[in-house]
Amino acid sequence: MNKLYLFFICMVSAMGGLLFGYDWVVIGGAKPFYEMFFEIGSDPIMQGVAMTTALVGCLIGAMVAGGLADRYGRKPLLMLSAVLFTVSALATGWYDDFTMFNIARFIGGVGIGIASALAPMYIAEVSPAEIRGRMVSLNQMTIVLGILSAQVVNMLIGTGVEEGWGREWAWRWMFWAETVPAGLFLILSFFIPESPVYLKMKSGPLSNSPEGECRDKESGSLSLLFSAPYRNVLLLGLFIAVFQQWCGTNVIFNYAQEIFVSAGFDVDGMFINIVITGIANVLFTFVAMGTVERWGRRTLMLIGAGGLCMIYFILGTCYFMQVTGVMMVVLVVAAISCYAMTLGPITWVLLSEIFPARVRGIAMGTCTFALWVGCCTLTFSFPSMNAALGSSGSFWIYSAICLCAFIFLFRRCPETKGRELE
């Protein structure tokens, strides 16, 4: 396949990642404004609902993505996710009712769940082994670019907004801005081919025989995925997926307001520091793309778990000692950078590589579902945990989780660098 064409179809597929990143993070910048509009600023339960509704949609999207992709193909599901992103972006900013606001967020979450499961799998299936890790990392690159885009949009719209009309409309425009990349993703998705692995599964030499029909019915089923030959690799995939969320880094994006205010910054300073973390996120994702084929997947996962363990311990200690100012920003940026060059992209690379074609669709859907369960529980639990334990206790807990994960990965994580996909 022509390398330029390969790059084009991988980038189009990875636009699902860009929208995933934008939709996932824009809520954090809109939070101060829609909470005031809907009058939920003093209700932590409703705050948690608003932040978690899209994540529940992610669970549904991830749950159905694998089975539908094995039945109907990867391309139609990517196109469906583009439609859902577009509808959600328009509707979220339109409604004045809190219930309808959450329904619109839920629709976008379904799009995120589908895109997050299918984009890395599709890229892995169209890429040659020697550059597969780098190509799959493109998906994480577009995710962090989406995150940075949301942070910049939030800063441009939210900084210096005055009371009244401005505060009512700021959060709406933050969501509406997503319609531009969502529409582009929908248009470009018409010009990418179906995955060759999927086409081979559906038109192989046994596909028209009784044996082939039986195999088609069995392939992609949960019963097959949970059977003895695949049980251990499924356990590994589920652990990697959940740990990517429960390592704690993503609370920095979703609850940046609380984290930076606790570190002594006002709202304008908060937006500036959020953009700084977004830039670090992008820069160190480039580092991951440059090292994934040289250092390998296992090494980078261990660096991520061990590095975050130490950074979070220091960060928690600084919160405990009431350190404020630049030092806290440095530690937060260090955590984001460590995550961006390791756990962020490499999780998706490993998940797209460790499963055989026979169960890859349903396995990616199952692991992505587990990832969003981890994200949902993490996001919903942080406000209560932070209120009960403080920022210091919260980050010490994340440090302990990273230590346990380092031990597990050291014992169980394989190296897949340079191996053929099957």
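Here the structure is shown first, and the text comes after it.
Quick caveat: nothing in here was measured; it's all calculated off a predicted structure.

1. Description of a nonpolar patch on the surface
- Taken together, the side chains of Y5, F8, I187, F190 and F191 make up a nonpolar region of the molecular surface, amounting to roughly 520 Å² of accessible area.
- Judged by its relative accessible area of 35%, Y5 is partly exposed.

2. Some points on the pattern of salt bridges
- Enumeration according to the criterion identifies eight salt bridges in this entry.
- As a salt-bridge pair, E353 and R132 come within 3.0 Å of each other at their nearest N and O atoms. Here E353 is found in helix α17 (residues 343-353), whereas its partner R132 is found in helix α5 (residues 132-158), with 221 residues between them in sequence.
- Each of D70, R74, E125 and R360 takes part in one network of salt bridges that share partners.

3. A short note on unusual backbone geometry
- Even without a glycine there, the phi angle at Q322 is positive, about 60°.
- Relative to the helices and strands, Q322 is located in the loop between α15 (297-320) and α16 (326-340).

4. Topic: the environment of L138
- Tracing the backbone through its elements, the reader meets L138 in helix α5.
- When its relative accessible area of 6% is taken as the criterion, L138 is described as buried.
- Each C-alpha atom of the pair L138 and V349 lies 10.0 Å from the other, and the pair is 211 residues apart in sequence.
- Not counting residues within four places of it along the chain, the set of residues in contact with L138 comprises F7, C10, M11, A14 and M289.

5. Digging into the side chain of T347
- Of note, T347 is situated in helix α17.
- Here the side chain of T347 touches L343 through a polar contact of 2.7 Å, landing on its backbone oxygen.
- Not counting residues within four places of it along the chain, the set of residues in contact with T347 comprises I240, A241, Q244, M301 and T342.

6. Quick notes on the packing of helix α3 (residues 74-94) against helix α7 (residues 179-188)
- For the pair α3 and α7, interaxial distance at closest approach is 8 Å and the crossing angle is 155°. As the angle between them shows, α3 and α7 are arranged roughly antiparallel. Our pair here, α3 against α7, has a crossing hand that is left-handed. Packed against α3, whose contacting residues are L78, M79, S81, A82, V83, F85, T86, A89 and L90, the element α7 presents T179, A182, G183, F185 and L186 at the interface.
- By residue class, the composition of the contact of α3 with α7 is ten nonpolar, four polar and no charged.

What counts as what
Residues numbered from 1 in each chain as written. Predicted model: local features only at pLDDT ≥ 70, side-chain atom pairs only at ≥ 80, totals over all residues. Heavy atoms only, no water. Patch = residues over 30% accessible without salt bridge, like charges linked within 9 Å, V, L, I, M, F, W, Y side chains within 5 Å. Areas by Shrake-Rupley, 256 points an atom, 1.4 Å probe, with all protein chains shown as cover. Salt bridge = Lys/Arg side-chain N within 4 Å of Asp/Glu carboxyl O. Buried < 20%, exposed > 50% of the residue type's maximum accessible area, 1.4 Å probe, protein only. Helix = DSSP H or I, 4+ residues; strand = E, 2+ residues; numbered from the N terminus. Contact = heavy atoms within 4.5 Å. Polar contact = N/O pair within 3.5 Å; in protein donor to acceptor, adjacent residues only side chain to side chain. Axes fitted to C-alpha atoms, helices over the stretch in contact; angles between N-to-C directions. Parallel < 35°, antiparallel > 145°, perpendicular 65-115°, else oblique. Left-handed = near helix turned anticlockwise from the far one by under 90°. Nonpolar A, V, L, I, M, F, W, Y, C, P; charged D, E, K, R; others polar.

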